[in-house]
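Descriptive structure summary
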Amino acid sequence: MFSEGREAGECVIALDVGGTAMKGALLDRELRPLLTMRRPTPRAAGPDAVLDEIAATLTELARQASLRQLTVRQAGVVVPGIVDEDLARAVYSANIGWRDLALAELLEQRTALPVVLGHDVRAGGYAEAVLGAARGARDVLFVAIGTGIAAAVISDGRPLRAGGYAGELGHLVVESDGAPCGCGARGCLETVASASAVAAAYTVRTGRAVEGADQVAALVEYGDPDARAVWQRAAGALAGALAVASTLLAPELIVLGGGLAEADDLLLEPVRAALAEQLTFQRRPRLVRAVLGDEAGCLGAGLHAWQAVGESATTFTTGALAP
Ligand SMILES: [Zn+2]
């Protein structure tokens, strides 16, 4: 699938920094994992501690590569929030708490590795486009539904970045007088349809605590009327936001990923039905589930890293994506 005949023994370091865990890997040219590593993100200890832990994890991955006599060509790090890939800056993350950090440069100073910076969800969408559910598609909306909701837009075969601000689907207002959102607005999609919002809404409605949205999904299948009401509200809100996105961006394909998409057809079917009802003249997108699971961000970080050393994704796909 990838270019052949390259020098063996080369790899990139890929690191996906999430709000709760960091997923790291050494990846070969075919993006096969040679080693994986998972560590908690010390978010509660503040942004400086997170930065220290990222640097320590990169250093450990480099050491592991050296033990295996692998040459590290590049490190790719993806983080949440607003990320300006062109300026290599982590502009803002409510989750981790940093503001306008020259993150790639800081990590290069600490680790002596060349570092390319990316956004977790855009990287995940990119990986789905190159290796996963969206292979060969030119107009794609990838939506990650977990603790929050964010999207990656690929338009005419190119990732839309807009200084790092594109794709904030989770902050479309879907309920005009809704609950306050972490962003400062009210009634954002994230407050209704994120995995954490679904779990919280069930508890508010019934007084019964649940461990997460997957438990609500199980109750939906069991026929619990409260779970069904919560689920239908989330699916309806999601479909409403996807209808807006479809009108504006006309994706041929919408890929749902993240924890809530693990519910598969239990989520996809009601969203599909509600979306079909709302669209009139618009291009009708196919709605599918992501296939790379929680590895998408890490694989996307690896793709960015290989591209940074001159390996273009166009050499190993149908050519739909430009770097
Ligand atoms: Zn919001």
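Residues numbered from 1 in each chain as written. Predicted model: local features only at pLDDT ≥ 70, side-chain atom pairs only at ≥ 80, totals over all residues. Heavy atoms only, no water.

According to the domain assignment, the protein chain contains domain 1 (2–124 + 293–316) and domain 2 (136–289). A C-alpha centroid distance of 27 Å is found between domain 1 and domain 2. At the junction of the two partners, domain 1 supplies 10 residues and domain 2 supplies 12 residues. At the boundary of domain 1 with domain 2, total buried surface from both sides reaches about 950 Å², with 61% on carbon and sulfur atoms. Our count for the contact surface shared by domain 1 and domain 2 stands at two salt bridges. Here Arg-161 and Asp-86 are joined by a salt bridge, their closest N and O atoms 2.7 Å apart. Applying the counting criterion to the domain 1 and domain 2 interface returns one residue pair in polar contact (both at pLDDT 80 or more). Only strand S5 (82–84) and helix H3 (120–131) provide two or more residues apiece to the side of domain 1 that touches domain 2. Looking at the side of domain 1 that touches domain 2 residue by residue, the class counts come to four nonpolar, two polar and four charged. (Domains from an automatic or database assignment. Contact = heavy atoms within 4.5 Å. Buried area = accessible area lost by both parts, 1.4 Å probe. Salt bridge = Lys/Arg side-chain N within 4 Å of Asp/Glu carboxyl O. Polar contact = N/O pair within 3.5 Å; in protein donor to acceptor, adjacent residues only side chain to side chain. Helix = DSSP H or I, 4+ residues; strand = E, 2+ residues; numbered from the N terminus. Nonpolar A, V, L, I, M, F, W, Y, C, P; charged D, E, K, R; others polar.)

Orientation of H3 relative to helix H9 (residues 296–308), taken along the N-to-C sense of each, is 80 degrees, at an axis distance of 7 Å. Considered as vectors, H3 and H9 are oriented roughly perpendicular to each other. Within the contact between the two elements, H3 uses Asp-120, Ala-123, Gly-124, Tyr-126, Ala-127, Glu-128, Val-130 and Leu-131 and H9 uses Ala-296, Gly-297, Leu-299, Gly-300, Ala-301, Leu-303, His-304 and Gln-307. Across the contact of H3 with H9, the residue classes break down as nine nonpolar, five polar and two charged. (Axes fitted to C-alpha atoms, helices over the stretch in contact; angles between N-to-C directions. Parallel < 35°, antiparallel > 145°, perpendicular 65-115°, else oblique.)

Looking at the zinc ion, one finds its protein donor set to be His-171 (ND1), Cys-181 (SG), Cys-183 (SG) and Cys-188 (SG), positioned 2.0 to 2.3 Å from the metal centre. Taken together, the four donor atoms coordinating the zinc ion span angles of 104 to 121 degrees at the metal, a pattern that classifies the geometry as tetrahedral. Each donor residue of the zinc ion lies on the same chain, and together they follow the pattern H-x9-C-x1-C-x4-C. Of the two residues, Cys-181 and Cys-188, both sit in the buried class. (Donors = N, O, S within 2.8 Å, 3.2 Å for Na, K, Ca; no water. Tetrahedral: all angles 85-135°; square planar, octahedral: opposite > 155°, others 65-115°. Buried < 20%, exposed > 50% of the residue type's maximum accessible area, 1.4 Å probe, protein only.)

Turning to the side chain of Asp-224, a few remarks are in order. Relative to the elements of secondary structure, Asp-224 occurs in the loop between helix H6 (213–222) and helix H7 (225–249). Note on Asp-224: relative accessible area 11%, which makes it buried. A polar atom in the side chain of Asp-224 sits 3.4 Å from the side chain of Arg-208. Here Asp-224 is in contact with Tyr-202, Arg-208 and Leu-219, once residues within four sequence places are set aside.

Right, let's get into the nonpolar core. Core analysis: the largest hydrophobic core is formed by 43 residues, its most contacted members being Val-143, Leu-242 and Leu-256. Elements supplying a minimum of two residues to this core: strand S9 (140–145), strand S10 (149–155), helix H4 (190–193), helix H5 (195–206), H6, H7, strand S12 (253–257) and helix H8 (265–278). Ranked by residue count, the leading element in this core is H7, at 12 residues. With sequence-adjacent residues up to four places away left out, Leu-256 is seen in contact with Val-143, Ile-145, Leu-238, Leu-242, Ala-261, Leu-267, Leu-268, Leu-287, Val-288, Arg-289 and Ala-290. (Core = buried A, V, L, I, M, F, W, Y, C linked by side-chain atoms within 4.5 Å.)

Two pairing modes exist for strands in a sheet, parallel and antiparallel, and in both the strands are linked by backbone hydrogen bonds. The strand order across the open sheet formed by five strands is S11-S10-S9-S12-S13, and the pairing between neighbours is mixed. At either margin of the open sheet sits one strand with a lone partner, and together these are strand S11 (158–160) and strand S13 (286–289). Strand-to-strand twist of the sheet, defined as the mean angle between neighbouring strand axes without regard to direction, takes the value 25 degrees. One ladder, built from three bridges, connects S10 with S11; its direction is antiparallel. Considered in S11, the bridge of Ser-155 is made with Arg-158. Strands in contact with H7 are S9, S10, S12 and S13; relative to S9, the strand with the most contacts, it is inclined by about 155 degrees. (Pairing = 2+ DSSP bridges.)

Per the counting criterion, the structure on display carries two cavities of 30 Å³ or more. Looking at the second largest cavity, its volume works out to about 30 Å³. Taken together, Asp-139, Val-140, Leu-141, Val-153, Ile-154, Ser-155, Leu-249 and Pro-251 form the lining of the second largest cavity. Elements with a minimum of two residues in the lining of the second largest cavity: S9 and S10. No other element matches the three residues that S10 contributes to the lining of the second largest cavity. Residues belonging to the lining of the second largest cavity are distributed by class as follows: six nonpolar, one polar and one charged. (1 Å grid on protein atoms, 1.4 Å probe; cavity = no way out; pocket = protein on both sides within 12 Å on 5 of 7 lines; lining within 4 Å. Points joined across faces, edges and corners; volume = space filled by probe spheres on them.)

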